[in-house]
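# An overview of the molecular structure
Letter by letter, the chains look like this.
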Amino acid sequence: MAYVDYKDVLEATNKGLDIIVMYYPDAAEALSRRDKKFKARGSEKTASASIRLKNGSYHVTDFGGDQKERNAIGVCMLETNKEFGEAVQYLASIFKVKGSSTWAEIKPEWTTRPLKKDEQPKDYEVEPKEFTTEELASLGPKVTAQNCKDFNLVSVKQFTYCKADVASITGSTADYPIFAFDYPEWSKIYQPLSYDKSYRFRFLGEKPKRFMYGLDLLKKAYKKQKQKHEEDYEAEIIDKLPDSRIDYVFIVSGGSDGLNMRSFGYYPVWFNSESEKLNFQEYLELKKYAKEIIYVPDLDASGLKHGLEISLKYLDVRIMMLPHYLTLRKDKRGNSCKDFKDFVTHFYKKNDDASFNSRLNKIVDNAIPAQFWTESYTKAGKKYHFRNTQFYNFLKLNGFGRIKDDYTKDGYHFVHVDGNVVRKVLPVEIEHFVHQFLKERQAPIALRDLVYAQQLSVTRLNKLDTFNIEFSSADKDHQYMFFENAVLQISKDDIKLQKRGELDKYIWESKMLKHNIYLQDKQFEIKKDKNGNEDIIIHNKENMFLNYLTNASRIHWRKELEESLDNLKPSDREAYLKAHKFNIAGPNLTAEEIYEQKLHLINKIYALGYMLHTFKSPQKPWAVYAMDNKLADIGESHGGSGKSVFQKGIQQLLLKNHYIPGRDPKKTSDDFITHGITPDTDYVLVDDCHQHLDYGFFFSWITGDLEVNNKNGLRFVIPFDEVPKMCFSSNYPPNNLDPSLARRLLYIVFSDYYHFNLEEEYKESRSVSDDFDGKSLFKDFDEHQWNSYYNFLAECVSFFLSREEKVNPPMANVTMRNLLSEMGAAFKDWADVYFQKTNVTNQLLYLDKAFVKDVAFESLKQKTGAKFSAYKFKKRLHAYAKYNEWEFNPADTEGMQKDGRIMQKVDGELREMCYIKTTNAKASEAIKKASDNTNNSKDEIDNDLPF
């Protein structure tokens, strides 16, 4: 059995909706309801189940059942008692998903032969045949052979095309129909079932530069009607001939739509390509033969864009909008339905012809032009009439509407949508747009006066359409970056440049990046070598931000750039520094040191990708924690290592961020710490965190919903999916981490290559700008650097999407710093002395043997005044042992209990013991250290031994 990816099943079933509807028919209609409720059981009196789009697929929660939320495959498992794998295969076979037993690519018959004597390259021949019932049905449920003949469409038995030395013959089969719009000088072949879209249409002969299908039919109908009117005309009875023009001509997107429109008696026209637009001469010609022009756009971004352009160029052209619920259906290729043929295919029923005709007539009647006034003629001259319905349609066509927002006091915004970009507007801006529109079109003063008198108040504009826009710039497998000229579509496999307005993705204008993006060559490549070790190759050596990240990852820089060069001549030293200014793998380092530095760089790239992928995955509920690599004494911090530049790098892309100053350890007690956070917030930065900041306070922010308390009294809860990602930055390691929170931190570690030289610890101070001739990152970027920077970030996201596992930095120093933080300075000072105590024979008293926990704890309290619990004391003992690479409470210790405690009798009493086991080498080091301290220094912390 072939492998079927469950994601392919969801993709082929309209994000799982078709599966859900198969089990719960009422679910499809629920999407149009405000509460999204439907009946999961026919016996229900009240709808108790709900549906929503979550993480890129539809999910159902049955509140009348077990109240668990399930995606479509989970629904199938529930209703059929199948296991996950069974359900995937079962659904794949039903919906003919690639890889299932029912899926197979249908192909035509294809042969070749040598050219005949009278044949030349580019010659062709189309051999027609009679339409079969099945072929007509595939074109549309009402399409007839006569409808096809109206447009010179023939069923093809086979067509032959002559190449340089061979003739290619493609033949239809019962399962693979071929059609052709066959004209004397050319033929347009149509293979509707071609799996490869590029072969679906092809031209034979001389392709016309411009051709309007259906125009000849319209002309014939007009001439026929005009002739009839002239024959019936009686001057004595009728003052003038009636208007002989056809009532409507419909501009559709292609031949399939045209045939189906014709099957209902209408007159359609279309062009060779959907991108071809009606020009003025063609507009005048259509007006000559039809009273009204109606444009029928497809319900995708491109179709709606063309509809808008047509309606605003020709104000009297009516726009016929197909019902939006059509997009909830899927065609046979798994794409959302969008055009007139889809509409007929899904909703026309032969036994209920009248009902569909009634529905279609209503849609035609409600086709509205952008022109929001009508004209009439009186004895006093032309008079204008304001049309409210057409006016609101005009504003909608121009992108004006309302968006619901439960997180604001008013509950909505007036907005303007331009392609993928949404901007909040004031009523006065909408009014200004209308008047400016008429002014630029040189509208008559009388018309402009009429519109000025309308007073477009907030109350009146509240009647604007509400746009149901989902501001989703990411899903599980993609990220979209919006620029002034285009949109970057990023996946694990590639980065594509998409035109603005042709993706069903939206972003607030305030988040659009003010740059004209273009794609560049790959800047880096990360892969695993034959041993499974990570490796990175940097291709772009001129990217300032990538160069900064490289140097911020050079944790062995002092060995490479100072110690190894100290004995060189100044000229040789300068040559090395220049040649390896931004080299993560300098030749003065060992292979192990180079590998460690590369891991640090790869980790930073991964963390950037994680932060910039704005999709929230329950499987990856992490917060980034930026810290220094350099080990320092407890309570000591360094800074200046470039962490803030990393954060600024994120802020250049995630423009709406929430800043929390972490230097105040009591900040978590602020009732309004969440003030200003909304689902629109891109990320939260807790910066310069205090040594004793309560990180546990933020656990629910990372893993669950977020309750927001604003200063204006507005309170709401942001669901996990929309809670912004978090980043901490500190000169200290996190203290007192709960293990569950520790697992949710994605560390990034910065070398001290960039540093302040406050106490003459270094030979110099070095800032990031020093590496770039005084230029600041971002502030001093030119257009090329900005483009290189954005391309690099896109590659970071692509790398993140390509990895399922978490990419941590080398954790040695991170672990050491965390252990130091967990112990605390007072405890470590006490332990360093306590565990060096020896007896008269210089044997250690408390290492490599059991000791009474309470006695040691009492010693700590007496010497330091510690007030924490015995449990925390034991945790610190564990951290101290781990810090010294010793083992705490070995499993084979005498008296080890199931709960991990060591219980032994001391002086006839059962006491809890602790045991720290060292290696022989470590033990000897501890003894030597204890001996040195005994002989050379006075013990000011503990001098209570009786000898």
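Conventions and cut-offs
- Residues numbered from 1 in each chain as written.
- Predicted model: local features only at pLDDT ≥ 70, side-chain atom pairs only at ≥ 80, totals over all residues.
- Heavy atoms only, no water.
- Pairing = 2+ DSSP bridges.
- Helix = DSSP H or I, 4+ residues; strand = E, 2+ residues; numbered from the N terminus.
- Axes fitted to C-alpha atoms, helices over the stretch in contact; angles between N-to-C directions.
- Contact = heavy atoms within 4.5 Å.
- Buried < 20%, exposed > 50% of the residue type's maximum accessible area, 1.4 Å probe, protein only.
- Polar contact = N/O pair within 3.5 Å; in protein donor to acceptor, adjacent residues only side chain to side chain.
- Salt bridge = Lys/Arg side-chain N within 4 Å of Asp/Glu carboxyl O.
- Parallel < 35°, antiparallel > 145°, perpendicular 65-115°, else oblique.
- Nonpolar A, V, L, I, M, F, W, Y, C, P; charged D, E, K, R; others polar.
- Core = buried A, V, L, I, M, F, W, Y, C linked by side-chain atoms within 4.5 Å.
- 1 Å grid on protein atoms, 1.4 Å probe; cavity = no way out; pocket = protein on both sides within 12 Å on 5 of 7 lines; lining within 4 Å.
- Points joined across faces, edges and corners; volume = space filled by probe spheres on them.
- Left-handed = near helix turned anticlockwise from the far one by under 90°.
- Patch = residues over 30% accessible without salt bridge, like charges linked within 9 Å, V, L, I, M, F, W, Y side chains within 5 Å.
- Areas by Shrake-Rupley, 256 points an atom, 1.4 Å probe, with all protein chains shown as cover.
- Phe/Tyr/Trp six-rings, centres within 6.5 Å; stacked < 30°, edge-to-face > 60°.
- Lys NZ or Arg CZ within 6 Å of the ring centre and 35° of its normal.

An unreviewed UniProt entry annotates the protein as DNA primase of Lacinutrix iliipiscaria.

Glancing now at the sheet that holds strand E34 (residues 725-729). Working definition: the strands of a sheet are paired by backbone hydrogen bonds and lie parallel or antiparallel to each other. Strands sit in the order E30-E31-E34-E29-E35 across an open sheet of five strands; the sheet is parallel. With partners counted over all chains shown, the strands left at the sheet margins are strand E30 (657-661) and strand E35 (745-750), one partner each. Neighbour-to-neighbour, the strand axes of this sheet turn through a mean angle of 20°, independent of strand direction. Direction of pairing for strand E31 (residues 683-687) relative to E34: parallel, over a ladder of four bridges. The residue of E34 that forms the bridge with Tyr683 is Lys725. Against the sheet, helix H21 (residues 591-612) touches strand E29 (623-628), E31, E34 and E35, its axis set at about 135° to E35.

Another aspect to go through is helix H18 (residues 544-551). The element H18 is extensively covered by neighbouring structure, given that eight of its eight residues are classed as buried. Of the residues making up H18, those classed as buried are Met544, Phe545, Leu546, Asn547, Tyr548, Leu549, Thr550 and Asn551. Tucked inside the fold, the buried residues of H18 contact strand E28 (534-538), H21, helix H22 (643-651), E35 and helix H25 (783-802). Capping the start of H18 is the job of one residue whose side-chain oxygen sits 2.9 Å from the backbone nitrogen of Phe545: Asn543.

Turning next to the side chain of Gln479. Within the fold, Gln479 resides in strand E23 (residues 478-482). A distance of 2.9 Å separates a polar atom in the side chain of Gln479 from the backbone nitrogen of Thr614. Every residue in contact with Gln479, bar those within four places of it in the chain, is listed here: Ser473, Ala474, Leu488, Gln489, Ile490, Leu612, His613, Thr614, Phe615 and Val797.

On to the pattern of salt bridges. Per the counting criterion, the structure on display carries 44 salt bridges. The salt bridge involving Lys277 is made with Glu309; its shortest N-O contact spans 3.0 Å. Placement of Lys277 in the loop between strand E13 (268-269) and helix H10 (280-289) and of Glu309 in helix H11 (residues 301-313) is noted, with a sequence separation of 32 residues between them. Taking the relative accessible area as the measure of exposure, Glu309 reaches 30% and is therefore partly exposed. Residue Arg663 is joined to Asp688 by a salt bridge in which the shortest nitrogen-to-oxygen separation is 2.3 Å. Here the residue Arg663 occupies a position in the loop between E30 and E31, and Asp688 occupies one in the loop between E31 and helix H23 (699-703), the gap between them amounting to 25 residues. According to the relative accessible area criterion, Asp688 is partly exposed, its value standing at 24%.

We now examine the packing of helix H9 (residues 255-262) against helix H12 (residues 340-347). One can describe the packing of H9 onto H12 by two numbers: an axis separation of 7 Å at closest approach and a directional angle of 55°. Here H12 runs oblique to H9, going by the angle between their axes. Across the interface between the two elements, Ser256, Asp257, Asn260 and Met261 from H9 touch Phe340, Lys341 and Val344 from H12. Residue composition of the contact of H9 with H12, by class: three nonpolar, two polar and two charged.

Counting residues in hydrophobic clusters, the biggest one holds 65 residues, and the most contacted among them are Phe545, Tyr548, Leu777 and Phe792. Ranked by residues supplied to this core, first place goes to H25 with 11 residues. Setting aside anything within four residues of it in sequence, one finds Phe792 in contact with Gln523, Phe524, Asn543, Phe545, Leu546, Leu549, Ile605 and Leu608. Phe151, Phe264, Leu286 and Val344 belong to the second largest nonpolar core, which has 61 residues in total.

With that settled, the discussion passes to the pairing of strand E33 (residues 715-718). Across the two faces of E33 the burial differs, with Phe716 and Ile718 buried and Arg715 and Val717 not buried at all. As paired elements, strand E32 (residues 706-709) and E33 share four bridges and run antiparallel to each other. Paired with Leu706 across the bridge in E33 is Ile718.

Take empty space enclosed by the protein next. According to the stated counting rule, one finds four cavities of 30 Å³ or more in the structure shown. Roughly 170 Å³ of volume is contained in the largest cavity. As for the largest cavity, its lining consists of 15 residues, of which Val252, Glu274, Glu276, Tyr295 and His306 are closest to the centre. If you tally residues by element for the lining of the largest cavity, the top one is H11, at three residues. A per-class count over the lining of the largest cavity returns seven nonpolar, four polar and four charged.

Inspection of the secondary structure assignment puts His580 in the loop between helix H20 (570-579) and H21. For His580, a relative accessible area of 17% puts it in the buried group. Among the polar contacts made by the side chain of His580, one reaches the side chain of Asn583 at a distance of 3.0 Å. Among residues more than four places away in sequence, those in contact with His580 are Arg554, Glu560 and Pro587.

For the rest of this paragraph, the subject is the pairing of E29. Counting buried positions over the six residues of E29 gives six, a clear majority of the element. Of the two faces of E29, the one lined by Ala623, Tyr625 and Met627 and the one lined by Val624, Ala626 and Asp628 are each fully buried. Bridging between E29 and E34 involves four bridges; their strand directions are parallel. In the sheet register, Val624 faces E34, and the bridge partner there is Cys727.

It is worth spelling out the packing of H18 against H22 at this point. Orientation of H18 relative to H22, taken along the N-to-C sense of each, is 145°, at an axis distance of 11 Å. Taken as a pair, H18 and H22 cross one another with a handedness that is left-handed. Within the contact between the two elements, H18 uses Phe545, Tyr548 and Leu549 and H22 uses Val645, Phe646 and Gly649. Classifying every residue of the contact of H18 with H22 by side-chain character gives five nonpolar, one polar and no charged.

Right, let's get into unusual backbone geometry. It is generally the case that most residues other than glycine have a negative phi and that most peptide bonds are trans. Of note, the phi angle at Gln442 is positive, near 55°, even though the residue is not glycine. The residue Gln442 is located in the loop between helix H15 (427-440) and helix H16 (445-452) in this model. Judged by relative accessible area, Gln442 falls into the exposed class, the value being 67%. Residue Phe778 is not a glycine yet carries a positive backbone phi of 75°. For Phe778, a relative accessible area of 9% puts it in the buried group.

Nonpolar side chains collect at one region of the surface, where Met22, Tyr90 and Ile94 lie side by side and expose about 240 Å² of accessible area between them. Here Met22 shows up in helix H2 (residues 17-23).

With that settled, consider the sheet that holds E13. Taken in spatial order, the five strands line up as E13-E12-E14-E15-E16 in an open sheet, and their pairing is mixed. Two strands lie at the open edges of the sheet, namely E13 and strand E16 (368-369), each paired on one side alone. The sheet contact formed by strand E12 (residues 246-251) and E13 spans two bridges and is parallel. Within the sheet, the bridge partner assigned to Phe250 lies in E13 and is Pro268.

With that settled, consider the packing of aromatic side chains. Going through the model one piece at a time under the given rule, you end up with 87 aromatic pairs. Between Tyr190 and Phe201, the ring centres sit 4.9 Å apart and the planes meet at 5°, which makes this aromatic pair stacked. With Tyr190 in strand E10 (residues 186-190) and Phe201 in strand E11 (residues 201-205), this residue pair connects regions lying 11 residues apart in the sequence. On the accessibility criterion, Tyr190 (12% relative accessible area) is buried. Their ring planes at 55° and their centres at 5.5 Å tell us that Phe827 and Trp830 sit as a pair that is tilted. Taken together, the residues span about one helical turn, with Phe827 and Trp830 both in helix H27 (residues 825-834) at a distance of three residues. Of the two residues, Phe827 and Trp830, neither departs from the other in class, the shared state being buried. Taking the ring centre of Tyr161 as reference, the NZ or CZ of Arg202 above it sits at 5.3 Å. Note that Lys806 overlies the ring of Trp622, its terminal NZ or CZ placed 5.1 Å from the centroid.

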